[in-house]
Amino acid sequence: MQFKRTDVLVIGSGLSGLFASLVLAERGLKVLIVTKEEIDISNSHVAQGGIATVIDLHQDSFQKHIEDTITAGAGLNRRDAVDFFVKRGPETIESLRGLGVHFSTRDDGNLDLGWEGGHTERRVVHAGDITGNELISVLKERVVKDRRITIWQHHTAIDLITTRKFTLAAENRAVGAYVLTQEGAVITVEAGAVLLATGGCGKVYLYTSNPDVATGDGVAIGFRAGVPAVNMEMVQFHPTILYHEKVRSMLLSEALRGEGGILRTRDGRTFMEKYHPMKSLAPRDVTARAIDHELKKRGDDFVLLDMTMLDPDFIVNRFPNLFKKCFDAGIDMRRDPIPVVPAAHYMCGGLQCSPEGTTCVPGLFVAGEVAHTGLHGANRLASNSLLEAAVMARYAAEEIVRWQAAPKDAVGPLPLWNEEGVSDSEENVVVKQNWDEIRHCMWNYVGIVRSDRRLERALKRISLIKQEITEYYWNFKVTRDLLELRNITLVAEIIVRSAMKRKESRGLHYNTDHPQKLADAHDTELSPEELLG
Ligand SMILES: Cc1cc2nc3c(=O)[nH]c(=O)nc-3n(C[C@H](O)[C@H](O)[C@H](O)COP(=O)(O)OP(=O)(O)OC[C@H]3O[C@@H](n4cnc5c(N)ncnc54)[C@H](O)[C@@H]3O)c2cc1C
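Residues numbered from 1 in each chain as written. Predicted model: local features only at pLDDT ≥ 70, side-chain atom pairs only at ≥ 80, totals over all residues. Heavy atoms only, no water.

We now examine the environment of Ser451. As for its position among the elements, Ser451 is in the loop between α12 (428-445) and α13 (452-475). Sequence separation between Ser451 and Pro320 is 131 residues, and the spatial gap between their C-alpha atoms is 41 Å. Dropping the residues within four chain positions of it, Ser451 is found in contact with Asn511, Thr512 and Asp513. Here Arg454 takes part through its backbone nitrogen, which lies 3.2 Å from a polar atom of the side chain of Ser451. (Helix = DSSP H or I, 4+ residues; strand = E, 2+ residues; numbered from the N terminus. Contact = heavy atoms within 4.5 Å. Polar contact = N/O pair within 3.5 Å; in protein donor to acceptor, adjacent residues only side chain to side chain.)

Let's shift gears to a positive patch on the surface. Together, Arg453, Arg454, Arg457, Lys460 and Arg461 give the surface a local cluster of positive charge. If you trace the backbone, Lys460 turns up in helix α13. The class of Lys460 is exposed, set by a relative accessible area of 64%. (Patch = residues over 30% accessible without salt bridge, like charges linked within 9 Å, V, L, I, M, F, W, Y side chains within 5 Å. Areas by Shrake-Rupley, 256 points an atom, 1.4 Å probe, with all protein chains shown as cover. Salt bridge = Lys/Arg side-chain N within 4 Å of Asp/Glu carboxyl O. Lys, Arg positive; Asp, Glu negative; His and termini not counted. Charge placed at Lys NZ, Arg CZ, Asp CG, Glu CD. Buried < 20%, exposed > 50% of the residue type's maximum accessible area, 1.4 Å probe, protein only.)

This part takes up the site of the ligand. In the neighbourhood of the ligand, 38 residues make up the surrounding shell, with Ser16, Ser44, Glu369, Ser385 and Leu386 lying closest. Asp217 places a polar side-chain atom, nitrogen or oxygen, 2.8 Å from a nitrogen atom of the ligand. A distance of 2.7 Å separates a nitrogen atom of the ligand from a polar side-chain atom of Ser385. For the ligand, whose unbound accessible area comes to 1000 Å², protein coverage reaches 98%. Going through the elements one at a time, α1 (15-26), α2 (43-46), β7 (156-162), β14 (338-347) and α11 (384-405) are the ones with two or more residues in the shell around the ligand. Class assignment for the residues of the shell around the ligand results in 12 nonpolar, 22 polar and 4 charged. (Near = heavy atom within 4 Å. Nonpolar A, V, L, I, M, F, W, Y, C, P; charged D, E, K, R; others polar.)

In this section: α11. The first and last C-alpha atoms of α11 sit 32 Å apart over 22 residues, in line with the 32 Å expected at 1.5 Å per residue. Of all 22 residues in α11, 17 are buried, a share of seventy percent or more. (Expected span 1.5 Å × (residues − 1).)

Moving on: the sheet that holds strand β13 (residues 303-306). Spatially, β11-β14-β13-β12 is the arrangement adopted by the 4 strands of the open sheet, whose pairing is antiparallel. The two strands at the open ends of the sheet, each matched to only one other strand, are β11 (235-242) and β12 (262-264). Strand-to-strand, the axes of this sheet are offset by a mean angle of 45°, without reference to chain direction. As paired elements, β12 and β13 share 3 bridges and run antiparallel to each other. Bridge pairing in β13 places Arg264 opposite Leu304. (Pairing = 2+ DSSP bridges. Axes fitted to C-alpha atoms, helices over the stretch in contact; angles between N-to-C directions.)

Ordered by their spatial adjacency, 4 strands build an open sheet running β17-β15-β10-β18, and the pairing between neighbours is mixed. The sheet terminates laterally at β17 (371-372) and β18 (525-526), the two strands that pair on one side only. Of the pairings in the sheet, the one linking strand β10 (residues 229-230) to β18 comprises 2 bridges and is antiparallel in character. Across the sheet, the residue bridging to Val230 is Glu525, located in β18.

Before going further, it helps to spend a moment on the packing of aromatic side chains. The tally for this structure, following the rule as stated, stands at 13 aromatic pairs. Centroid distance Phe166 to Tyr178: 6.1 Å. Interplanar angle 70°. Geometry classified as edge-to-face. Placement of Phe166 in the loop between β7 and β8 (174-180) and of Tyr178 in strand β8 is noted, with a sequence separation of 12 residues between them. Look at Tyr178 and you get buried, because its relative accessible area is 5%. Each residue in the set Tyr205, Tyr207, Phe237 and Trp443 is aromatic and connected to the rest through ring pairs, giving one cluster. Its end group placed over the ring of Phe84, Arg88 keeps NZ or CZ at 3.9 Å from the ring centre. Positioned over the ring face of Tyr473 is Arg486, at 3.7 Å from the centre of the ring. (Phe/Tyr/Trp six-rings, centres within 6.5 Å; stacked < 30°, edge-to-face > 60°. Lys NZ or Arg CZ within 6 Å of the ring centre and 35° of its normal.)

Moving on, we come to the packing of helix α6 (residues 217-224) against helix α14 (residues 480-501). Running from N to C, α6 and α14 cross one another at 80°; their axes reach a closest spacing of 8 Å. The angle between the axes of α6 and α14 places the two elements in the roughly perpendicular class. Judged by residue contacts, Asp217, Val219, Ala220, Phe223 and Arg224 of α6 engage Glu484, Arg486, Asn487, Leu490, Val491 and Ile494 from α14. Of the residues belonging to the contact of α6 with α14, the class tally is 6 nonpolar, 1 polar and 4 charged. (Parallel < 35°, antiparallel > 145°, perpendicular 65-115°, else oblique.)

Glancing now at the pairing of β8. Buried residues dominate β8, accounting for 7 of its 7 residues. Inspection of the sheet shows β8 paired to strand β9 (residues 186-196) by 5 bridges, in the antiparallel sense. Bridge pairing links Val179 to Ile187 in β9. Connecting the antiparallel pair β8 and β9 is a turn made up of 5 residues, with Gly184 showing a positive phi of about 100°.

Entries for the protein in the domain assignment read domain 1 (3-233 + 348-405), domain 2 (235-345) and domain 3 (428-532). Computed from C-alpha coordinates alone, the two centres of domain 2 and domain 3 are separated by 29 Å. Here domain 2 packs against domain 3, burying approximately 870 Å² in sum over the two surfaces, 72% of which is carbon and sulfur. Ranking the residues of domain 2 by area buried against domain 3 places Val235, Phe237 and Arg289 at the top, with a combined share of 60%. For the pair domain 2 and domain 3, the number of links is 0 salt bridges. Linking domain 2 with domain 3 are 1 residue pair in polar contact (both at pLDDT 80 or more). Elements supplying a minimum of two residues to the side of domain 2 that touches domain 3: β11, α8 (284-298) and β14. Among the elements that line the side of domain 2 that touches domain 3, the one with the most residues is α8, at 4 residues. (Domains from an automatic or database assignment. Buried area = accessible area lost by both parts, 1.4 Å probe.)

Structure, rendered in structure tokens:
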């Protein structure tokens, strides 16, 4: 097959992609979901802690959630966006429950609310410590059964087809995308609308909590199609990833500290009191920087997350999944403090859009981690990202329904993928070498603590790699590895250039040459024209 036509092309099968697809199908549209691996490989699937939402109106309020979000975001948040998401949380939880998602409840039947770092109240709706697994299993079951939804697993979106780029119509709009199959063929997909729901970019860094699919493809694809990227320097490093010689990317949820876990250096001393009044419950950026500082100062490889003072039965019942995973790795949380390090976790920046997911390219919509709505500001409050992904999925779907119904000029046949003059690559080592180089470079120079000189050094390296890859891209047949390398390189460059533009330290971005926070908070915006010409 060289060509496929659908009403809506959804790229990505995390919470935002699956939830939006169900809403779209419910409204009578034909949906094609393309996803890089199996349907349930995503950041959403591995989410543990839960979804931040105001449920207990006696104790909590929208205002408190809004204030906590803006405090964590160091004032860079867009107030209207924060308001939008916080107030739509309860109805979104109800609609997920309506689809069959089971969240943990207390004996009285009310939702059990967890407490996480940076929150001043208990407001995290969760399904034990496997919230993502529950969400994705339920949505997946529904999507698979829905006859209006087609799923292409092991398919990778390459780039969007826009009318301007291919001079198909006077007005610019997205009309489809090129999609690479597992066998190496490229299919032209024509769609009335495209939803990018591709998640984050943890793999740009050497150490990350994200699965391998998180290579920032959506940011790169949307950026190449003309959508600006905002605040991409704001990369959240999760403070507590398991430090283990065999187990990779295992995150130890914020909820562990929320329920009483304490951070200690290897010699058993507490240290968070030196960095924040909330001590081990401090927001993530402060905690990650504090750990980074202690590790560098002491020359240690890890710090300890100590749960041993808590009731052993509580540990096993509240964190059954984490308890088992740690136990299998040789760590008994009831007796042994857990060795942890920080790692790249969440992309607070993303493609510029409205809270409903509309972008400056008509017909192109975004939802979830790929989007920059202004909710997170300079740092994401724990469990606000599943909230954003779920709320956006519903509202972006409604926007797409409206867009589909609006009259548009017809476009001629879409151009098929052109492979003239390209050959199979015999030099896969070039791809591997550049992958490793980018990720090391980003970790060492554009990590938790940055400086002007480190950023300049990073940009030089990345620019060289970019040249090499561009040449490679046009001369050889595309593979998933090559596409991902091309995307992480562009995303790395966007992160570095955004970091260079910010002449202050705020939230997740800390530059030793500009340690002060400026009086006014401004977004860093990078336009495709600036970078791609
Ligand atoms: C370990 C971990 C724990 C977390 N815990 C929490 C938590 O408790 N609470 C919270 O709020 N947030 C949490 N987060 C963050 C949250 O999970 C994510 O921000 C959210 O799930 C993003 O959802 P999404 O739908 O935008 O993207 P994802 O769930 O990441 O899905 C992206 C999808 O896009 C696909 N894709 C990407 N590129 C392409 C391409 N080129 N072609 C085709 N398909 C593509 C991927 O294969 C994947 O299916 C956690 C993240 C991690 C990594």
